Amino acid sequence: LRIIGESRVAVRDAVVLAVLPRDQHRYGFELHLDRETGLPLKSLLLNEKGQLLERFQFSSISLAPPADSDLKPSSSCLPVRVAQTKTINPKAWHSDWLPPGFALNSAVERPSGVSAEPVACLMFGDGLARFSVFLESLHGASVDDARTQLGPTVAVSKRISTTTGDVMVTVIGEIPLGTAERVALSMRAGDLQAAQ
């Protein structure tokens, strides 16, 4: 962390704080924090070359507390449908490599949106950055590896072979593309080595 200056955001004085990564496996942040309250007024997500990937910023802000009526749902609010998940044994899948500081936060299984097969979902984080790993049995389906990036969000899919058949591993998160690929290739089923 480093204080790098001052700014004004939404007509408020701010202190600019840089969050600098110690390795190439995560992005850096520039945070503009309200001098009076500490509230983040602006956040810039930067890649390893300092290029802007994502910006969140208030254009105007009122720090007055909201009225009770502002917090009540209107008739246009729809109920939230919660996806059915079940916790799985976190040792069912593991990664032979994770970026330093990242740990498994949760391991669940949910129904696939396109088939009757369950999909394992492992979520990893380091307290600031996070990514998810989805694992789905292919049962002979023909699929290609893929990689894409939109702003800071990457998606990498790799086919790996296990003793019980081929699995599609998909890593999605706000981490560099090379890091996501390395995580995807390091996934293993249980204590058995998966062969690429």
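Residues numbered from 1 in each chain as written. Predicted model: local features only at pLDDT ≥ 70, side-chain atom pairs only at ≥ 80, totals over all residues. Heavy atoms only, no water.

Caption draft 1: Quick peek at the pattern of salt bridges. Under the defined criterion, the tally for this structure stands at ten salt bridges. The partner of Arg-12 in a salt bridge is Glu-36, and the shortest N-O contact between them spans 3.2 Å. Note that Arg-12 is positioned in strand 2 (residues 12-19) and Glu-36 in the loop between strand 3 (28-34) and strand 4 (40-46), a separation of 24 residues in sequence. Look at Glu-36 and you get exposed, because its relative accessible area is 67%. For Glu-109, the salt bridge goes to Lys-86, with nearest N and O atoms at 3.6 Å. (Salt bridge = Lys/Arg side-chain N within 4 Å of Asp/Glu carboxyl O. Helix = DSSP H or I, 4+ residues; strand = E, 2+ residues; numbered from the N terminus. Buried < 20%, exposed > 50% of the residue type's maximum accessible area, 1.4 Å probe, protein only.)

Caption draft 2: Looking closely at the packing of aromatic side chains. Taken as a whole, this structure holds two aromatic pairs when the rule is applied. Between Phe-102 and Phe-131 the ring centres are 5.3 Å apart and the planes differ by 40°, which places this aromatic pair in the tilted class. With Phe-102 in the loop between strand 7 (93-95) and strand 8 (103-111) and Phe-131 in strand 10 (residues 130-137), this pair connects stretches of sequence that are 29 residues apart. Between Phe-124 and Phe-131 the ring centres are 5.2 Å apart and the planes differ by 20°, which places this aromatic pair in the stacked class. Summarising the burial analysis for this pair, Phe-124 and Phe-131 share the class buried. Here the aromatic residues Phe-102, Phe-124 and Phe-131 are joined through ring pairs into a cluster of three or more. (Phe/Tyr/Trp six-rings, centres within 6.5 Å; stacked < 30°, edge-to-face > 60°.)

Caption draft 3: Layout of the sheet that holds strand 11 (residues 146-150). Judged by pairing direction, the sheet is antiparallel, and its seven strands sit side by side in the order 6-8-9-10-13-12-11 without closing on themselves. Both edges of this open sheet fall to strand 6 (86-87) and strand 11, since each of them pairs with a single strand only. Note that strand 9 (residues 118-125) and strand 10 share six bridges and pair antiparallel. Paired with Met-123 across the two strands is Ser-132, which belongs to strand 10. This element, helix 1 (residues 177-185), spans strand 10, strand 11, strand 12 (153-162) and strand 13 (165-173) of the sheet and lies at about 20° to strand 12. (Pairing = 2+ DSSP bridges. Contact = heavy atoms within 4.5 Å. Axes fitted to C-alpha atoms, helices over the stretch in contact; angles between N-to-C directions.)

Caption draft 4: Structural view of the layout of surface pockets. Put simply, the largest pocket is a space of about 540 Å³. Looking at the largest pocket, it is lined by 25 residues, and the ones nearest its centre are Tyr-27, Phe-29, Asp-126, Leu-128 and Ala-129. At the level of elements, strand 4, strand 5 (52-57), strand 9, strand 10 and strand 13 are the ones that each hand at least two residues to the lining of the largest pocket. Taken together, the residues of the lining of the largest pocket sort by class into 15 nonpolar, four polar and six charged. Around the second largest pocket, the lining is made up of 17 residues, and of these Trp-93, Leu-135, Ser-137, Thr-164 and Val-167 lie nearest the centre. Those elements giving two or more residues to the lining of the second largest pocket turn out to be strand 9 and strand 10. The residue inventory of the lining of the second largest pocket, partitioned by class, reads ten nonpolar, four polar and three charged. (1 Å grid on protein atoms, 1.4 Å probe; cavity = no way out; pocket = protein on both sides within 12 Å on 5 of 7 lines; lining within 4 Å. Points joined across faces, edges and corners; volume = space filled by probe spheres on them. Nonpolar A, V, L, I, M, F, W, Y, C, P; charged D, E, K, R; others polar.)

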